[in-house]
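What follows is each chain in one-letter form.
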Amino acid sequence: MAAPDVSRAGEARRRRLIAAAFLLPALVLLGALVVHPIGYSLYRSLFDRSGDTFVGGANYAEILRDGTIRTALGNTALWVVLAPTTATALGLIFAVLTERVRWGTAFKLLVFMPMAISMLAAGIIFRLVYDQDPDRGVANAVWVGVHDTFAESSAFPKARPGRDSPLVAAPGGAFETRDPVRAGSAVPLPLVGVAPDALPKGTRTARPPAAEPGKVTGTVWQDFTRGGGGRTNTVDPTEQALAGMRIEAVKDGRVVDRATAGSDGTFTLSAKADGARLRLPASNFREAYAGVEWLGPTLVTPAVIGAYVWMWAGFAMVLIGAGLASVPRELLEAARVDGANEWQVFRRITVPLLAPVLAVVLVTLVINVMKIFDLVFVIAPGAVQDDANVLALQLYRTSFGTDADQGLGSAIAVLLLVLVVPVMLYNIRRMRREARR
Amino acid sequence: MSAATRSWSPQGLAARLAGGALRVFLVLAGLFWLLPTLGLLISSFLSPTDLNRGGWWQALSAPSRLTADNYAHLLSNGTITGSLLSTVAITVPATLLVVTLGAFAGYAFAWLEFPGRDWLFLIVVALLVVPVQVALIPVSELFGAIGLFETTAGVVLFHTAFGLPFAVFLLRNFFAEIPRELLEAARLDGAGELRLFTRVVLPLGGPAIASLGIFQFLWVWNDMLVALVFADSAHPPVTVALQQQVRQFGNNIDVLAPGAFLSMVVPLVVFFAFQRQFVTGVMAGAVK
């Protein structure tokens, strides 16, 4: 009777040994490099910079007091609110819409592709997109293009009257003729100061003004002969027109007529301009619109969030797309037959059925966003890193900079860990529920 | 009623307009996703002079300006090629290790009986979401003490440890789906656990192992933070090497743009070659 007991006990022992052998390498690594650091961070966060003096909760109080860390906290909150929702909303829209076009798969591939590249590479890509110079950064190139389509652009920011010019400065940056003009006379409007290579494309030499009865005519041109020899206030043969200059005739403070200089600099105003002064409005001389400072202190966080959404909308799209595939088509068709329009089908059937998937996507992105580091580190220029700061970046800067404070760094690490604890508990609950089934 | 009149009925017109608007929207969104990468790609083929002269989009109308000089220059400079080798030297072992150790542990959790199994597995699940940032300070002290700080082995071990919770979670769940009869039959034939593992479980677990491997490979290849802290600063991986160039951004796009693309070649090839496995891995990795 004794022998089988011994062998059963031996068998159980043997099985435990086998299990231990299978598990040990993984558990040792997890214990040493993941579990132990959690405990050590908790412990270390209670000590000062040197690690010798116990300071209790002082490091945690410092998190709330230090202005830089507070900015980081605020920005992390902004990230958590904006980035996951935007990426999920876009993912949902893309997943639903791509089902209706033939090239949907190609589109999905394009949007999903950034998932494969590093945040460093994405950061470099967006440093270029957000470049301040509209001749380099595509964001500002588009923005300035749109802006200049709606707001009149000015071609001559540096133009001004020369010596003895019939033009004088008027309020607001405009220029005006000293004397009123008469119908039937030709008015010269000379300006200087435009760099030759800044003249608009297709600029021609100016034509001297010719008088026309019953009208006010004139020429606006660059009163400067390259190489010298030009006469002041006279249109010399090689002098260039200021094509596109806007001219207003102003009488008693009211604009009575307006014209735009042709490619040879000449313009014609009707008889209404008789007795008015000619004004070159300030809009001719405004500095060119330089676009938006994407990576300046105010916009840098939304700009980096934009880069993040670019990277992660594909993740949301693919997960939601998989969820969408399991939505029963008959249900949607039935609703359509009952007269529901596409929006109602989307709002009342698709979205509620996708709710579990949407929750998983949102939670995943929230955790991901709390740990965001590389994108901010790479995209935000050194001068605005304080403004773009987030918790994970601050942790790195506090812990490994030149004047590292690993006590404070550990406190930030513990804070980061505490922030993900709810998700940790949610994962465990889900796992236990699945185990019970 | 002819087809033409039907399609110009109010409903037909509305449907056409909606379809048109949908296409316009998707094309615009597609451009939004395409232009950033395209911009860097074209910039990487422009000379520094052309880069300073104007936007990369001007090269679209003057393709003759494109040149591979930046790449030639970069490849002749040992720093970037060396850093790519460092990346490989970190990524390959870290991927193999996480797959191997994860498969052993996943099998134990799925099919071996031992006390405390369920609790231990719940702890592994809990560790899924621990941010790597928590371990930076403690592990740098630990590695300092045992001589692994600023070594490739240290970086590999760190990546393996933080890849393990997901690996164990994914593979345990996958292995648990293997029909019990298959394993029992092999056991009756006298196969030991190791034999069972290598002959039955591993072949059946192929798809999950592939997903895990690709996921971990891309994760480690693309990592910057861990390498920034733990990698040998004399032989940094490509992400760190490029990051050191970012500070003076405007002046060295001619280095950064081709460098970024060289660092992206391998992940993109892996991505396009193993799209299905990658998607499976991403989906299994949700809530990580």
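Please read these numbers as outputs of a predicted model, since none were measured by experiment.

**Concerning the pattern of salt bridges**
A pair can form between side chains of opposite charge whenever their charged atoms are brought close.
Consideration 1: In the structure shown here, the tally under the stated rule is 15 salt bridges over all chains.
Consideration 2: Its salt-bridge partner being Glu248(A), residue Arg258(A) comes within 3.3 Å of it at the nearest N-O pair. Residue Arg258(A) is found in strand β6 (residues 254–260), and its partner Glu248(A) is found in strand β5 (residues 246–251); the two are separated by ten residues along the sequence.
Consideration 3: A relative accessible area of 12% means that Glu248(A) is categorised as buried.
Consideration 4: Linking Asp50(B) and Arg65(B) is a salt bridge whose minimum nitrogen-to-oxygen distance equals 3.7 Å. Of this pair, Asp50(B) sits in helix α3 (residues 48–53) while Arg65(B) is found in the loop between α3 and α4 (69–76), placing the two residues 15 residues apart along the sequence.
Consideration 5: For Asp50(B), a relative accessible area of 10% corresponds to the buried category.
Consideration 6: According to the relative accessible area criterion, Arg65(B) is partly exposed, its value standing at 28%.
Consideration 7: The network of salt bridges with shared partners includes Arg100(A), Glu333(A), Arg336(A) and Glu342(A).

**Looking at the side chain of His159(B)**
Consideration 1: Positionally, His159(B) belongs in helix α8 (residues 152–175).
Consideration 2: When neighbours within four sequence positions are excluded, His159(B) is seen to be in contact with Ile90(B), Ala94(B), Gln216(B), Val220(B), Asp223(B) and Val226(B).

**Description of a nonpolar patch on the surface**
Consideration 1: Together, Trp103(A), Val24(B), Val27(B), Leu28(B), Leu31(B) and Leu34(B) give the surface a local cluster of nonpolar side chains, amounting to about 520 Å² of exposed area.
Consideration 2: Its relative accessible area of 44% is what places Val27(B) among the partly exposed residues.

**As for unusual backbone geometry**
Consideration 1: The backbone phi angle of Asp164(A) is positive, close to 60°, even though this residue is not glycine.
Consideration 2: With respect to the secondary-structure elements, Asp164(A) resides in the loop between α6 (138–150) and β1 (167–170).
Consideration 3: Since its relative accessible area comes to 62%, Asp164(A) is described here as exposed.
Consideration 4: Phi at Glu150(B) is positive, roughly 60°, even though this residue is not glycine.
Consideration 5: On the secondary structure map, Glu150(B) appears in the loop between α7 (133–146) and α8.

**Description of the interface of chain B and chain A**
Consideration 1: Tallying the contact residues gives 95 residues for chain B and 90 residues for chain A.
Consideration 2: Both sides together, the interface formed by chain B and chain A hides about 8300 Å², and carbon and sulfur atoms give 80% of it.
Consideration 3: On inspection of chain B and its partner chain A, the count reaches zero salt bridges.
Consideration 4: Along the contact surface separating chain B from chain A lie six residue pairs in polar contact (both at pLDDT 80 or more).
Consideration 5: Among the elements that make up the side of chain B that touches chain A, the one with the highest residue count is helix α2 (residues 10–44) of chain B (15 residues).
Consideration 6: Of the residues in the side of chain B that touches chain A, the class split is 72 nonpolar, 17 polar and six charged.

**Observations concerning the environment of Gly253(A)**
Consideration 1: Mapped onto the secondary structure, Gly253(A) falls in the loop between β5 and β6.
Consideration 2: Expressed as a C-alpha distance, the spacing of Gly253(A) and Leu29(A), which sit 224 residues apart in the sequence, is 83 Å.

**Brief notes about the domain arrangement of chain B**
Residue and element names in this part refer to chain B.
Consideration 1: You can read the domains of chain B as domain 1 (3–67) and domain 2 (72–284).
Consideration 2: Using C-alpha coordinates to define each centre, domain 1 is positioned 37 Å away from domain 2.
Consideration 3: Each partner contributes residues to the interface: domain 1 has seven residues there, and domain 2 has seven residues.
Consideration 4: Summing both partners gives a buried area of about 580 Å² for domain 1 against domain 2, and 89% of it is carried by carbon and sulfur.
Consideration 5: When residues of domain 1 are sorted by the area they lose upon contact with domain 2, Leu40, Ser44 and Leu51 head the list and together hold 58% of the total.
Consideration 6: The interface formed by domain 1 and domain 2 contains zero salt bridges.
Consideration 7: Linking domain 1 with domain 2 are zero residue pairs in polar contact (both at pLDDT 80 or more).

**Side note on the domain arrangement of chain A**
One widely used convention gives an interface's size as the accessible area the parts lose upon coming together.
Consideration 1: In terms of domains, chain A is made up of domain 1 (58–143 + 294–431) and domain 2 (167–284).
Consideration 2: Computed from C-alpha coordinates alone, the two centres of domain 1 of chain A and domain 2 of chain A are separated by 55 Å.

**Things to note about the packing of aromatic side chains**
Consideration 1: A full pass over the atoms with the stated rule returns 39 aromatic pairs over all chains.
Consideration 2: When the centroid spacing of 4.9 Å and the interplanar angle of 45° are considered together, the rings of Tyr43(A) and Phe47(A) count as tilted.
Consideration 3: Clustering of aromatic rings is evident, with ring pairs tying together Phe112(A), Phe166(B), Phe215(B), Phe271(B), Phe272(B) and Phe278(B).
Consideration 4: Here Arg172(B) stacks its cationic end above the ring of Phe121(B), 4.6 Å away from the centre of that ring.

**Examining the packing of α4(B) against helix α14 (residues 253–273) of chain B**
Two measures define how a pair of helices packs: the angle their axes make with one another and the distance between the axes.
Residue and element names in this part refer to chain B.
Consideration 1: Axis separation between α4 and α14 bottoms out at 9 Å; the angle between their running directions is 75°. The orientation of α4 with respect to α14, classified from their angle, is roughly perpendicular. Within the contact between the two elements, α4 uses Asn70, Tyr71, Leu74 and Leu75 and α14 uses Asp254, Val255, Pro258, Gly259, Phe261 and Leu262.
Consideration 2: Of the residues in the contact of α4 with α14, the class split is seven nonpolar, two polar and one charged.

**Some points on the nonpolar core**
Consideration 1: Trp79(A), Ile117(A), Tyr308(A) and Leu375(A) are the most contacted members of the largest nonpolar core, which has 201 residues in total.
Consideration 2: Those residues within four positions of Ile117(A) in sequence are excluded, and the remaining contacts are Ala122(A), Ile125(A), Trp310(A), Met311(A), Asn222(B), Met264(B) and Leu268(B).
Consideration 3: Grouped together as the second largest cluster of nonpolar side chains are 25 residues, Ala159(A), Leu167(A), Leu278(A) and Leu280(A) included.

Definitions and cut-offs
- Residues numbered from 1 in each chain as written.
- Chains lettered and ligands numbered in written order.
- Predicted model: local features only at pLDDT ≥ 70, side-chain atom pairs only at ≥ 80, totals over all residues.
- Heavy atoms only, no water.
- Salt bridge = Lys/Arg side-chain N within 4 Å of Asp/Glu carboxyl O.
- Helix = DSSP H or I, 4+ residues; strand = E, 2+ residues; numbered from the N terminus.
- Buried < 20%, exposed > 50% of the residue type's maximum accessible area, 1.4 Å probe, protein only.
- Contact = heavy atoms within 4.5 Å.
- Patch = residues over 30% accessible without salt bridge, like charges linked within 9 Å, V, L, I, M, F, W, Y side chains within 5 Å.
- Areas by Shrake-Rupley, 256 points an atom, 1.4 Å probe, with all protein chains shown as cover.
- Buried area = accessible area lost by both parts, 1.4 Å probe.
- Polar contact = N/O pair within 3.5 Å; in protein donor to acceptor, adjacent residues only side chain to side chain.
- Nonpolar A, V, L, I, M, F, W, Y, C, P; charged D, E, K, R; others polar.
- Domains from an automatic or database assignment.
- Phe/Tyr/Trp six-rings, centres within 6.5 Å; stacked < 30°, edge-to-face > 60°.
- Lys NZ or Arg CZ within 6 Å of the ring centre and 35° of its normal.
- Axes fitted to C-alpha atoms, helices over the stretch in contact; angles between N-to-C directions.
- Parallel < 35°, antiparallel > 145°, perpendicular 65-115°, else oblique.
- Core = buried A, V, L, I, M, F, W, Y, C linked by side-chain atoms within 4.5 Å.

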